[in-house]
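Architecture at a glance
One letter stands for each residue in the lines below.
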Amino acid sequence: MIEFQHVHKTYEGGHVALQDLSLEVKAGSAFGIIGESGAGKSTVTRLISGLEVPSSGEVRVLGQNLAALAGRERRAVQSKIGMVFQHFNLLAQRTAAGNVALPLELAGVPKKKRDARVREVLDLVGLSAFAERYPAQLSGGQKQRVGIARALALEPRLLIADEATSALDPATSASILRLLRDVQTKTGLTLVIVTHQMEVVRAACTHVAVMERGVLVESGEANEVLRRPAHAATRALLNAHKPDVTLAPHETLARVTIEGGLGTEVLARLAASKVRVVSVEPIEGAADVWLALPEGVNERAVLGVEVAA
Ligand SMILES: Nc1ncnc2c1ncn2[C@@H]1O[C@H](COP(=O)(O)OP(=O)(O)OP(=O)(O)O)[C@@H](O)[C@H]1O
């Protein structure tokens, strides 16, 4: 679906945003691109959608090099790419249905067909009853559903969600990620999910690429990368989202990945050493666990099992 080959991107003024980036996104995957602010994630999405061209190297989307295409051929590829944005980018003076209709109008789809497609995609995102509401009359989650419906209007093969849940509370964020995966199952499209939050990767991605200062530092199946993060940047992203918990004096928080999950033996060891389990996130065959450790207690020594800090 997407192939980057040794892509460099230097912006005017000499700022190097990407260095020698090579990656492949397979059709049907949910591919996460994660990194701190300034890592180059948005540059990657702009290269995929053809809004920017590489300074060197090649970007191929749907088998085509957008930088080498013009006019109708270029628009044909771009119409297969849907975009969902952090701040929704809805037109305030148009209703939900009017916003979803816009790309269809621009593509010259006749009114009757347009109306039918608008109904279809609003139904797909669970907003049939909200078609005539204006953005100001919708919640953040509903606005994002309109954004997703609009991105789906032209039946894209690829959907790019750029920090699509960053402006939403955790519960709404989770429902939007579920919706994206549902839509993917129903339509078979490929998802690219750009985020700075590992929870998003954990919740919605099959694959992930970790970026740091314009460089791809680690990539692979999301489960594997979450379980055995090889690079310091990945571990820092994993450790960034600390659970909201009140610690007793002399307690510290630590995150570990426990192979095999929280079995009886592990729980017994934790209880015996007065280590509190603060939160547990399952990953395939393992668990990501935040622990509150009493002073002087080392989680590895306590667990006596394979853990990845
Ligand atoms: N149009 C531009 N002109 C000059 N420099 C740019 C331009 N766009 C981005 N940059 C720079 O390139 C680097 C990568 O930016 P990019 O927006 O791709 O990062 P990001 O990972 O998406 O960050 P964020 O999460 O903050 O959006 C940054 O240092 C940024 O300042």
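Everything quoted here is computed from the prediction, not taken from an experiment.

Moving on: the domain arrangement of the protein. Interface size, as often reported, equals the accessible area lost upon joining of the parts. One can read the domain layout of the protein as domain 1 (2-239) and domain 2 (251-308). Taken over C-alpha atoms, the centre of domain 1 sits 35 Å from the centre of domain 2. The partner domain 2 presents 12 residues to the 7 residues of domain 1 that form the contact. Summed over both sides, the interface between domain 1 and domain 2 buries roughly 890 Å², with carbon and sulfur atoms accounting for 41% of that surface. The shortest N-O distance in the salt bridge between arginine 202 and aspartate 288 comes to 2.9 Å. Scanning the region where domain 1 abuts domain 2 turns up 3 residue pairs in polar contact (both at pLDDT 80 or more). Sorting the residues of the side of domain 1 that touches domain 2 by element identifies helix H8 (222-227) and helix H9 (232-240) as the ones contributing at least two each. Residue composition of the side of domain 1 that touches domain 2, grouped by class: 2 nonpolar, 2 polar and 3 charged.

A sheet is described by the order of its strands in space; here 6 strands give the open sequence S5-S6-S7-S3-S8-S9, paired in mixed fashion. Single-partner strands in this sheet number two, and they are strand S5 (81-85) and strand S9 (215-221). Adjacent strand axes in the sheet meet at a mean angle of 15° when their direction is disregarded. Across 6 bridges, the pairing between strand S8 (residues 207-212) and S9 is antiparallel. Across the sheet, valine 208 pairs through a bridge with glycine 220, a residue of S9. The strands that helix H6 (residues 170-187) touches are strand S3 (30-35), strand S6 (158-162) and strand S7 (190-195); relative to S7, the one it contacts most, it runs at about 160°. Contacting S3, S8 and S9, H9 crosses the sheet at an angle of about 105° to S8.

This part takes up the site of the ligand. Residues in contact with the ligand, as listed here, are Tyr11, His15, Ala17, Glu36, Ser37, Gly38, Ala39, Gly40, Lys41, Ser42, Thr43 and Arg46. Between an oxygen atom of the ligand and a main-chain N or O atom of alanine 39, the distance comes to 3.0 Å. Measuring from an oxygen atom of the ligand, one finds a side-chain N or O atom of serine 42 at 2.7 Å. Alone, the ligand offers 630 Å² of accessible surface; in the complex the protein occludes 62% of this. Among the elements that make up the shell around the ligand, the one with the highest residue count is helix H1 (residues 41-48) (4 residues). Looking at side-chain class alone, the shell around the ligand contains 3 nonpolar, 6 polar and 3 charged residues.

Positive phi is not limited to glycine here, since histidine 6 has a value of about 45°. Relative to the elements of secondary structure, histidine 6 occurs in strand S1 (residues 2-10). The phi dihedral of aspartate 20 falls on the positive side, at around 45°, and the residue is not glycine. Residue placement: aspartate 20 occurs in strand S2 (residues 16-25).

Let us now look at H6. Taking 1.5 Å per residue, 18 residues should reach 26 Å; H6 reaches 26 Å between its end C-alpha atoms and fits that length. Among all positions of H6, only Thr172, Ser173, Ser175, Ile176, Leu177, Leu179, Leu180, Val183 and Gln184 are buried. For H6, the N-terminal capping position is held by aspartate 169, with its side-chain oxygen 3.1 Å away from the main-chain nitrogen of alanine 171. Phi turns positive, to about 75°, at glycine 188, one or two residues after H6.

Moving on, we get to the UniProt feature "domain: ABC transporter" (unreviewed entry) in the protein. The UniProt record marks residues 2-238 with the feature "domain: ABC transporter" (unreviewed entry), using the residue numbering of this structure. Helix makes up 39% of residues 2-238 and strand makes up 25%, while its end C-alpha atoms are separated by 26 Å.

With respect to the element layout, glutamate 163 can be found in the loop between S6 and H6. Lysine 41 provides the closest opposite charge to the buried, unpaired glutamate 163, separated from it by 4.3 Å. In terms of polar contacts, glutamate 163 uses its side chain to reach the side chain of histidine 196, at 3.0 Å. Apart from the residues within four sequence positions on either side, glutamate 163 is in contact with Lys41, Gln86, Val194, Thr195 and His196.

Thresholds, definitions, all that
- Residues numbered from 1 in each chain as written.
- Predicted model: local features only at pLDDT ≥ 70, side-chain atom pairs only at ≥ 80, totals over all residues.
- Heavy atoms only, no water.
- Domains from an automatic or database assignment.
- Contact = heavy atoms within 4.5 Å.
- Buried area = accessible area lost by both parts, 1.4 Å probe.
- Salt bridge = Lys/Arg side-chain N within 4 Å of Asp/Glu carboxyl O.
- Polar contact = N/O pair within 3.5 Å; in protein donor to acceptor, adjacent residues only side chain to side chain.
- Helix = DSSP H or I, 4+ residues; strand = E, 2+ residues; numbered from the N terminus.
- Nonpolar A, V, L, I, M, F, W, Y, C, P; charged D, E, K, R; others polar.
- Pairing = 2+ DSSP bridges.
- Axes fitted to C-alpha atoms, helices over the stretch in contact; angles between N-to-C directions.
- Near = heavy atom within 4 Å.
- Areas by Shrake-Rupley, 256 points an atom, 1.4 Å probe, with all protein chains shown as cover.
- Expected span 1.5 Å × (residues − 1).
- Buried < 20%, exposed > 50% of the residue type's maximum accessible area, 1.4 Å probe, protein only.
- UniProt positions renumbered as here; feature names shortened; annotations may be inferred.
- Lys, Arg positive; Asp, Glu negative; His and termini not counted.

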